[in-house]
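# Examining the three-dimensional arrangement
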Amino acid sequence: MNANTDNVVIDSHFDGGNIRRLQSDDDNVIRLSIEPDAGGQFFQWFFFRVVAPRNTEYRFQIENAAGSSYPGGWENYRVVVSSDFKQWVRRDARYDGRSLSFDICSPGDVTWVAYFAPYTLHQHQQLITRCASCAGVNLTVLGTTVDGRSIDALTIGDPDKQLKIWTIARQHPGETMAQWWMEGYLDRLCDGNDPLVNALLDKAVFYVVPNMNPDGSYRGYLRTNAAGVNLNREWNEPSRQHSPEVFYVRKMMQETGVSFSLDVHGDEALPYNFVAGTEGTASWNDHRSELQDAFKQNWQSINSDFQTQVGYPLTPAGRANYGICSNYVAEHFDCLALTLEMPFKDTELTPDEHEGWSVSRSKMLGSTFLDALDGIIDRL
């Protein structure tokens, strides 16, 4: 590889962008570094644009990969690339225990490179606007973030319904598959011609927060908000100053009540889709265990990308961390609360060589959540 890298422009100063170009003595390698979240504790998300002569191969090397939040996530990882910001495909990457390197040859002048297919705040606004225009959907701004951005919540259906179904996503902003999941979920939930959706809306109202962390999303962070706070450790005692996102969403939950809650995430290392329960909470009981098992079996039978064999170790009884959303919600609302995890890489049981875990598969998992919910809703 003898391509001259002097005429390659690297840009990440945009919505969701994150990368820094380093000086290099090697003309054949473009050296890069991921910028940390506020507070400096977390980093792994990257998203940048490459402007370079077309049909020329360049080598990129992320120098600080070993120091990232989850270095195990680089094992068997393949970078995500697009030339049109619509279709995102995988390219091989190599992790040597220190840096992550990959080669890219673009057919055009512009190439977008990311840890996973990005979901920008502009895309979020488009999603919110589209949903808010649908019949039976109301948009509420719960409050503002540390940076002054709106915290959007959608109410779908009749608030007087007894059952209250809550779904939230992107407490960790770099987990963009979570908002792609939300897009698939909301597109179906807002479809007035879907008979299953109409049957669910006869029984329940749905509260949806598609992006819990708009500041972190815009800043290109992996895990924190603008104050450097991990929102999914704030649920027991959120503050207006440092974690207003949790403060205002929790306040609305207290006003509406919760019958079922799903918090949508991504996992850097595990190549599986799975849910984590709240077995460690003081109120865990047989009824909740049976509901959880039934829900998981429903989803697995409907969508082969979801599985029940592999997940996180169970938290011992009485040892739950109530700063975590699902634990707090389960304990304080006496309901089934789950955390969904999706892979950054691919699913080991149902791999896709071209796209890995992808936008379309995330959206389909979001859509089929409603089928899985339908199997247990009468038992909530």
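Thresholds applied
- Residues numbered from 1 in each chain as written.
- Predicted model: local features only at pLDDT ≥ 70, side-chain atom pairs only at ≥ 80, totals over all residues.
- Heavy atoms only, no water.
- Core = buried A, V, L, I, M, F, W, Y, C linked by side-chain atoms within 4.5 Å.
- Buried < 20%, exposed > 50% of the residue type's maximum accessible area, 1.4 Å probe, protein only.
- Contact = heavy atoms within 4.5 Å.
- Helix = DSSP H or I, 4+ residues; strand = E, 2+ residues; numbered from the N terminus.
- Expected span 1.5 Å × (residues − 1).
- Phe/Tyr/Trp six-rings, centres within 6.5 Å; stacked < 30°, edge-to-face > 60°.
- Polar contact = N/O pair within 3.5 Å; in protein donor to acceptor, adjacent residues only side chain to side chain.
- Axes fitted to C-alpha atoms, helices over the stretch in contact; angles between N-to-C directions.
- Parallel < 35°, antiparallel > 145°, perpendicular 65-115°, else oblique.
- Left-handed = near helix turned anticlockwise from the far one by under 90°.
- Nonpolar A, V, L, I, M, F, W, Y, C, P; charged D, E, K, R; others polar.
- Pairing = 2+ DSSP bridges.

### What to know about the nonpolar core
Judged by nonpolar contacts, the single largest core of 83 residues is most densely connected at Phe46, Trp181, Phe206 and Trp299. Those residues in contact with Phe46 that lie beyond four places of it in its chain are Asn18, Ile19, Ile34, Ile62, Trp74, Tyr77, Val79, Val113, Ala114 and Tyr115. Val249, Cys325, Tyr328 and Ala337 belong to the second largest nonpolar core, which has 25 residues in total.

### Quick word on helix H1 (residues 121-132)
For an α-helix, the turn length of 3.6 residues means that residues three or four places apart are oriented alike. If you check H1, its first and last C-alpha atoms are 16 Å apart, about what twelve residues at 1.5 Å a residue would give, namely 16 Å. Residues of H1 that are buried sit in contact with strand S10 (137-144), strand S11 (150-156), helix H2 (177-189) and helix H4 (214-219).

### A closer look at the packing of aromatic side chains
Evaluated as defined, the whole model comprises 31 aromatic pairs. The interplanar angle of 35 degrees and the centroid separation of 5.7 Å between the aromatic rings of Phe46 and Tyr115 together place this pair among those described as tilted. Taken together, the residues span a long stretch of sequence, with Phe46 in the loop between strand S3 (29-33) and strand S4 (47-51) and Tyr115 in the loop between strand S9 (110-114) and H1 at a distance of 69 residues. Like Tyr115, Phe46 is buried. Linked through ring pairs, Phe46, Phe48, Phe60, Trp74, Tyr77, Phe102, Tyr115, Phe116 and Phe344 together constitute an aromatic cluster.

### Description of the side chain of Asn298
Structurally, Asn298 is set in helix H6 (residues 286-302). Among the polar contacts listed, one links the side chain of Asn298 to the backbone oxygen of Ala372, at a separation of 3.3 Å. Leaving out residues up to four positions away in the same chain, Asn298 has contacts with Ala372, Gly375 and Ile376.

### What about the packing of H6 against helix H8 (residues 359-374)?
The N-to-C vectors of H6 and H8 enclose an angle of 130 degrees; their axes lie 8 Å apart at closest approach. By the angle class used here, H6 and H8 are oblique. Seen from above, H6 lies across H8 with right-handed handedness. Contacts between H6 and H8 involve Phe295, Asn298, Trp299 and Ile302 from the former and Leu365, Thr368, Phe369, Asp371, Ala372 and Leu373 from the latter. Looking at the contact of H6 with H8 residue by residue, the class counts come to seven nonpolar, two polar and one charged.

### Digging into the environment of Leu338
If you trace the backbone, Leu338 turns up in strand S16 (residues 336-343). By relative accessible area, Leu338 is classed as buried at 0%. Not counting residues up to four positions away in its chain, the partners in contact with Leu338 are Phe260, Ser261, Leu262, Asp263, Val275, Ala276, Gly277, Gln292, Phe295 and Ser326.

### Some details on the sheet that holds strand S14 (residues 260-267)
One open sheet accounts for seven strands, arranged S10-S11-S13-S12-S14-S16-S15; its pairing is mixed. One side of each edge strand has no neighbouring strand; the edge strands of this open sheet are S10 and strand S15 (274-276). Neighbour to neighbour, the strand axes of the sheet diverge by 25 degrees on average, direction disregarded. Bridge count between S10 and S11: six bridges; the pairing is antiparallel. By the bridge assignment, Asn138 is partnered in S11 with Thr155. Seen against the sheet, H6 touches S14, S15 and S16 and runs at an angle of roughly 35 degrees to S16.

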